[in-house]
Amino acid sequence: MKKPYRIVMLGRQGAGKGTQCSKLAATLGIVHISTGDMLRAALKTGSSYGLLAADYMERGELVPDMIILGIVHERLEANDCKVYGFVLDGFPRTLAQAQALDKFLEPEGIKLVINLDVPKEVVLERLSSRRVCTGCGRTYSILKAPMVDWSCDDCGEAVIQRNDDKPEAIARRLFLYDEVTSPLIEWFDQSGKLATVKGDEDFEVVAREITRVVDMVVT
Ligand code: ADP
Ligand code: ZN
């Protein structure tokens, strides 16, 4: 693929999009745009849309398109995205978002959509056992805890269970993925830009497969 790279990563919550996207972004020298991380950062700084979004996020609901589209559009307009490109993680999640993205990127559009495919039973298990550092966002699990008393190995802050990783919110998020987001797989496939990567393998194996898929795109 030639620069600017314009990549979307689709996949269920807990499929490993976040870690694979940061690795891919570092490898290609592009920006990793995670709408979930942007919303959590906005909440931390107390910005008004962060506070507005928090209520939806805690319940595992989707944040209204209006809010999401505003922050994504602004980010895509920045020079680093225009020159080097980006990988989008957690966006688009609705048909309206996908259509808006097409508009934002006219006339070139997205070059590749990677569908990181992991079965529902697997992500359910991963999400239920996931724990996250409140300082730096590093993820742990009940099977791979920090070395000292649920304090982050990297930054020392508390490692906790996200409210949206509690059982009811997990069920709601996975339901919304199947109902609202998964139709986008078919939608992107019709434009011939979709590649499916099996995400239920070792991190390194999945990362290599993603790089292979990116290398195959010639434009
Ligand atoms: P996950 O993929 O595990 O749900 P994220 O960190 O990607 O975690 O997102 C956390 C929450 O942020 C979502 O449950 C949702 O409330 C909100 N969110 C993130 N991206 C979007 C989006 N594109 N559209 C609507 N809501 C979003
Ligand atoms: Zn930390």
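First, a word on what this report is: a plain description of the structure on this page. Only a predicted model underlies this, so the values are computations on that prediction, with no experimental measurement involved. (Residues numbered from 1 in each chain as written. Chains lettered and ligands numbered in written order. Predicted model: local features only at pLDDT ≥ 70, side-chain atom pairs only at ≥ 80, totals over all residues. Heavy atoms only, no water.)

1. Points about the overall build of the protein chain
Note the threshold: The helix and strand labels rest on DSSP assignments: H or I over at least four residues marks a helix, E over at least two residues marks a strand, and numbering proceeds from the N terminus. The classification of residues rests on relative accessible area computed with a 1.4 Å probe and restricted to protein chains. Under 20% of the type maximum is buried, over 50% is exposed, and intermediate values are partly exposed. Contacts are residue-level and defined by heavy atoms, with any inter-residue pair within 4.5 Å sufficient. All accessibility values rest on the Shrake-Rupley procedure with a 1.4 Å probe; residue burial counts only the protein chains present in the view. Note that His is not counted, nor are the chain ends; the positive residues are Lys and Arg, and the negative ones are Asp and Glu. A charged residue contributes its charge at one atom only: NZ of Lys, CZ of Arg, CG of Asp or CD of Glu.
Looking only at helices and strands, the protein chain has 10 helices and eight strands in total. For the protein chain, the spread of C-alpha atoms along the principal axes amounts to about 50 × 40 × 35 Å. The 219 residues of the protein chain split such that 43% are buried. A fraction of 71% describes how many contacts in the protein chain between residues 6 or more apart in sequence connect residues 24 or more apart. Surface exposure of the protein chain reaches about 11400 Å², of which carbon and sulfur atoms provide 54%. Averaging the locations of the 28 positively and 32 negatively charged side chains of the protein chain gives two centres separated by 3 Å.

2. Here we look at the packing of aromatic side chains
What counts here: Stacked, edge-to-face and tilted labels apply to pairs of Phe, Tyr and Trp rings (six-membered ring for Trp) whose centres lie within 6.5 Å, assigned for plane angles under 30 degrees, over 60, and everything in between, in that order. Note on geometry: a ring has a charge over it if NZ (lysine) or CZ (arginine) is within 6 Å of the ring centre and within 35 degrees of the ring normal.
Overall, the coordinates contain one aromatic pair when judged by the stated rule. Relative to Phe188, the ring of Trp187 has its centre 5.2 Å away and its plane inclined at 75 degrees; by these criteria the two rings are edge-to-face. Trp187 gets classed as partly exposed once you look at its relative accessible area, which sits at 26%. Directly above the ring of Tyr56 sits Arg59, whose terminal nitrogen or CZ lies 5.6 Å from the centroid.

3. Remarks on the site of ligand 1
Operational definition: Here, proximity means that at least one heavy atom of the residue falls within 4 Å of the molecule or strand. We call Asp, Glu, Lys and Arg charged. Ala, Val, Leu, Ile, Met, Phe, Trp, Tyr, Cys and Pro are nonpolar, and the rest, Gly among them, are polar.
Contacts to ligand 1 come from 18 residues, most closely from Thr35, Arg40, Glu61, Arg93 and Arg173. For ligand 1, the protein covers 96% of the area, taking 540 Å² as the surface of the free molecule. Looking at which element gives the most residues to the shell around ligand 1, the answer is helix α2 (residues 35-44), with four residues. Here the shell around ligand 1 is built from residues that sort into six nonpolar, five polar and seven charged.

4. Side note on the coordination of the zinc ion (ligand 2)
Here is the rule we go by: Water is not part of the atom set, so a site may look incomplete; the donors themselves are N, O and S atoms within 2.8 Å of the metal, or 3.2 Å for Na, K and Ca. A four-donor site is classed as tetrahedral when every donor-metal-donor angle falls between 85 and 135 degrees; four donors are called square planar, and six octahedral, when trans pairs exceed 155 degrees and all remaining angles lie between 65 and 115, with any other arrangement labelled irregular.
The zinc ion (ligand 2) binds to the protein through Cys133 (SG), Cys136 (SG), Cys152 (SG) and Cys155 (SG), with metal-donor distances spanning 2.3 Å. Relative to the metal, the four donor atoms surrounding the zinc ion (ligand 2) lie at angles of 96 to 120 degrees, and the coordination shape comes out tetrahedral. For the zinc ion (ligand 2), the single-chain donor residues occur in sequence as C-x2-C-x15-C-x2-C. On the basis of relative accessibility, which here comes to 43%, the residue Cys136 falls in the partly exposed class.

5. Some words on the nonpolar core
Our working rule: Nonpolar cores are built from buried Ala, Val, Leu, Ile, Met, Phe, Trp, Tyr and Cys residues. Side-chain atoms within 4.5 Å join them into one set.
Core analysis: the biggest nonpolar cluster contains 26 residues, and Ile7, Val87, Leu112, Ile114, Ile210 and Val214 have the highest contact counts within it. For this core, the secondary structure elements donating two or more residues are β1 (5-10), α1 (17-28), β4 (112-117), α7 (120-129), α8 (167-181), β8 (194-198) and α10 (203-216). Ile67, Ile68, Leu88 and Ala98 belong to the second-largest nonpolar core, a separate cluster that totals 25 residues.

6. Details of the pattern of salt bridges
For the record, the criterion: Any carboxyl oxygen of Asp or Glu within 4 Å of a side-chain nitrogen of Lys or Arg constitutes a salt bridge here.
Summed over the entire model, instances satisfying the criterion amount to 14 salt bridges. For Lys82, the salt bridge is made with Glu77, and the minimal N-O distance between the two is 3.6 Å. Accessibility expressed as a relative area gives 46% for Lys82, which makes it partly exposed. Residues Asp178 and Lys120 are paired through a salt bridge, measuring 2.8 Å at the closest nitrogen-oxygen approach. Taken together, the residues span a long stretch of sequence, with Asp178 in helix α8 and Lys120 in helix α7 at a distance of 58 residues. Taking the relative accessible area as the measure of exposure, Asp178 reaches 25% and is therefore partly exposed. The exposure class of Lys120 is partly exposed, given its relative accessible area of 33%. Connected through salt bridges with shared partners, the residues Arg12, Lys120 and Asp178 form a single ionic network.

7. Describing the pairing of strand β5 (residues 130-133)
As a reminder of what qualifies: Each pair of strands is called paired provided DSSP finds at least two bridges between the two strands.
Side-chain alternation along β5 places Arg130 and Val132 on one buried face and Arg131 and Cys133 on a second face that is also buried. Taken together, the three bridges between β5 and strand β6 (residues 139-141) define a ladder with antiparallel strand orientation. The residue bridging Val132 from the neighbouring strand is Thr139, located in β6. With antiparallel pairing between neighbouring strands as the criterion, β5 and β6 make up a hairpin whose turn holds five residues, including Gly137 at a positive phi of roughly 85 degrees. Summarising the sheet, β5 and strand β7 (residues 159-160) pair through two bridges and their orientation is antiparallel. Considered in β7, the bridge of Cys133 is made with Val159.

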